[in-house]
Amino acid sequence: MSTREKAGTLRALHVPGNPLVLPNAWDAASARMVEGVGFPVVATSSVATAGVLGYDDGEAAPVEDVLSAAARIARAVNLPVTVDFERGYRLAPVELVERFAATGAVGLNLEDSDPPSGEMIDPAQQADYLAAVRAAAVSLGVDLVINARTDSFLRRVGSPEERLAASIDRAARYLAAGADCVYPIATDQAEVIRVLVEGIPGPINIGYGQGKLSLAELAALGVARVSFGPSLQRHLYNRFGSALFSAVASDENPFAL
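These numbers come from a predicted model, not from an experiment.

Calculation rules
Residue numbering note: each chain is counted from 1, following its sequence as written. Only residues with pLDDT of at least 70 are given local features in this predicted model, and only at 80 or more are side-chain atom pairs given and counted; all residues enter the totals for whole chains, interfaces and linings. Derived side-chain values reflect all non-hydrogen atoms in the structure, with water molecules and hydrogen atoms excluded from consideration. Under the DSSP-based scheme used, a helix requires at least four consecutive residues in state H or I and a strand at least two consecutive residues in state E, with every element numbered from the N terminus. Only protein chains enter the accessibility calculation, which uses a 1.4 Å probe. A residue is then buried if its area is under 20% of the maximum for its type, exposed if over 50%, and partly exposed in between. Throughout, a residue-residue contact means that at least one pair of heavy atoms, one from each residue, lies within 4.5 Å. Asp and Glu count as negative and Lys and Arg as positive, but His and the ends of the chain are not part of the count. By convention, the charge on Lys lies at NZ, on Arg at CZ, on Asp at CG and on Glu at CD. In this scheme, strands are said to pair when DSSP sees at least two bridges between them. We call a crossover right-handed when, viewed with the strands running away from us, the connection from the first strand over the helix to the second turns clockwise. Note on terminology: a nonpolar core comprises buried Ala, Val, Leu, Ile, Met, Phe, Trp, Tyr and Cys residues joined through side-chain atoms within 4.5 Å. Helix axes are fitted to C-alpha atoms over the stretch in contact, other axes to C-alpha atoms as well, and angles between N-to-C directions run from 0 to 180 degrees. Take a side-chain nitrogen of Lys or Arg and a carboxyl oxygen of Asp or Glu: if they are within 4 Å of each other, that pair is a salt bridge.

(A) Structural view of the overall build of the chain. Across its full length, the chain holds ten helices and eight strands. Structurally, the chain occupies a C-alpha span of about 60 × 40 × 35 Å along its principal axes. The proportion of buried residues among the 257 residues of the chain is 49%. Residue pairs at least 24 apart in sequence account for 67% of intrachain contacts in the chain once pairs closer than 6 positions are excluded. Averaging the positions of the 21 positive and the 30 negative side-chain charges in the chain gives two centres separated by 3 Å.

Here is the structure:
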C-alpha cells in the first residue's frame, strides 16, 4: 500500500462497536510480531519506545531518536503505523508534519497536557494547535490520521463529574479542529465510557488497561479503538526480569523458564 492508502485504511478501521485493537509495539521486532499475528495496524507506545531508547516518558527522548524509531518500525512492516507522539515535541505544525511524514508512519497521537509537568493545556489553544497540524498536512498533501488524546481523567483535574464534562467538551473541540479520533485516556468504567460515547460526536479510543472490561464489552459500549499502551512490554520485561533473577539466584537454566 502507498502511504495514502495506509492512512485511508487506518481511518476506516475506526468503527464504533467494532473497534480497532492495537497491541502497542516499541521497536521493529515487536512490530513484526504484531503484523505476524494478523493485526491490521501497528501502533507504538511513547512509554515503551522511550524506555527502549534509554529515556523516561514525557518527551525526554530527543525528537530525532523518536522519529528514527518510528521510521524503523514503518520500514519493518507492510501495515499502517500510528505513533504515540506525545504533544509533538514542541515542533511547529509544518515542521511536525514534514518530519513525521518522512518516517512513513501515517497516524499519530497528540495529547493535551504538557508532558514534563502534567499541566493541562487550555482547550482552545489545543484545538488551534490541532487545526494547525491538520492545515499543514492538507497544505503539504499528507493524509495524516490524528488521534487527539485528552488527559482530564489521567491528570485528575477537578471532580469525577468535572473530568467527564471536560473530556466531552475537549473531545468535541478537537474533532471540530480536524482530529479523526479522540482518546480520553485513563478511564475504565463502563458507565463513564457510555456517557463519553453518547456525548462525543466521533470515534473514541479507550485504553484496555488491565482488562477490567473485555474487548467485547468495550465494543458493546460503542468504542472505536482500543489501545494496550505499554502493558504488553511491561508483561514481557517482567518475565525477562524473573528469568534473570532465577539465573543469578540459582543454578537453573533461564532458557527453561
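There is more to say, and it comes next.
(B) Spotlight on the pairing of strand S4 (residues 107-111). With five of five residues buried, S4 is to be regarded as a mostly interior element. Across the two faces of S4 the burial is the same, with Gly107, Asn109 and Glu111 and Leu108 and Leu110 all buried. Relative to S4, strand S3 (residues 81-84) runs parallel, the two sharing three bridges. Among the inter-strand pairings, threonine 82 is bridged to a residue of S4, identified as glycine 107. Handedness of the crossover is the feature at issue here: the chain leaves S3, passes through helix H5 (residues 93-101), returns alongside S4, and the resulting connection is right-handed.

(C) Highlighting the nonpolar core. Val42, Phe85, Leu96, Phe100 and Leu110 are the most contacted members of the largest nonpolar core, which totals 53 residues. Those residues within four positions of phenylalanine 100 in sequence are excluded, and the remaining contacts are Leu67, Val83, Phe85, Ala105, Val106, Gly107, Leu108 and Leu144.

(D) Just the sheet that holds strand S5 (residues 145-150), in detail. The five strands lie next to each other as S2-S3-S4-S5-S6, forming an open sheet whose pairing is parallel. Each edge of the open sheet carries a strand with a single partner, namely strand S2 (42-43) and strand S6 (181-184). Sheet topology note: the S2/S3 ladder contains two bridges and is parallel. Note on S3: the bridge partner recorded for valine 42 is valine 81. Its contacts with the sheet place helix H6 (residues 123-140) against S4 and S5, and it is angled at close to 160 degrees to S4. Together, S5 and S6 form the strand contacts of helix H7 (residues 160-177), whose direction differs from that of S5 by roughly 160 degrees.

(E) Examining the pattern of salt bridges more closely. All told, the structure shown has 13 salt bridges when counted by the stated rule. Here aspartate 112 ties to arginine 170 by a salt bridge, and the two come within 3.1 Å at their closest N and O atoms. Here aspartate 112, found in the loop between S4 and H6, pairs with arginine 170, found in helix H7; they are 58 residues apart in sequence, far enough to count as distant. As far as burial versus exposure is concerned, aspartate 112 and arginine 170 are alike and both buried. Ionic pairing is found between lysine 212 and aspartate 188, a salt bridge with its closest N-O pair at 3.9 Å.

(F) Structural view of the side chain of glutamate 86. Position of glutamate 86 among the secondary structure elements: in the loop between S3 and H5. Discounting chain neighbours no more than four positions away, the residues touching glutamate 86 are Ser46, Asp57, Gly58, Glu59, Asn109, Leu110, Glu111 and Pro115.

(G) Up close: the sheet that holds strand S7 (residues 205-207). If you trace the three strands from one edge of the open sheet to the other, you get S1-S8-S7, paired in parallel fashion. Lying at the two open borders of the sheet, with one neighbouring strand each, are strand S1 (20-22) and S7. Ignoring strand direction, the axes of neighbouring strands in this sheet form an average angle of 20 degrees. As paired strands, S1 and strand S8 (residues 225-227) are joined by three bridges and run parallel to one another.

(H) Just unusual backbone geometry, in detail. In the Ramachandran plot, glutamate 59 falls in the positive-phi region, its phi being about 60 degrees despite a non-glycine side chain. Mapped onto the elements, glutamate 59 comes out in the loop between helix H3 (46-53) and helix H4 (63-76). Glutamate 59 sits in the buried class, given a relative accessible area of 13%. With a phi close to 75 degrees, alanine 186 is a non-glycine residue in the positive phi region. Considering the arrangement of structural elements, one finds alanine 186 in the loop between S6 and helix H8 (190-199).

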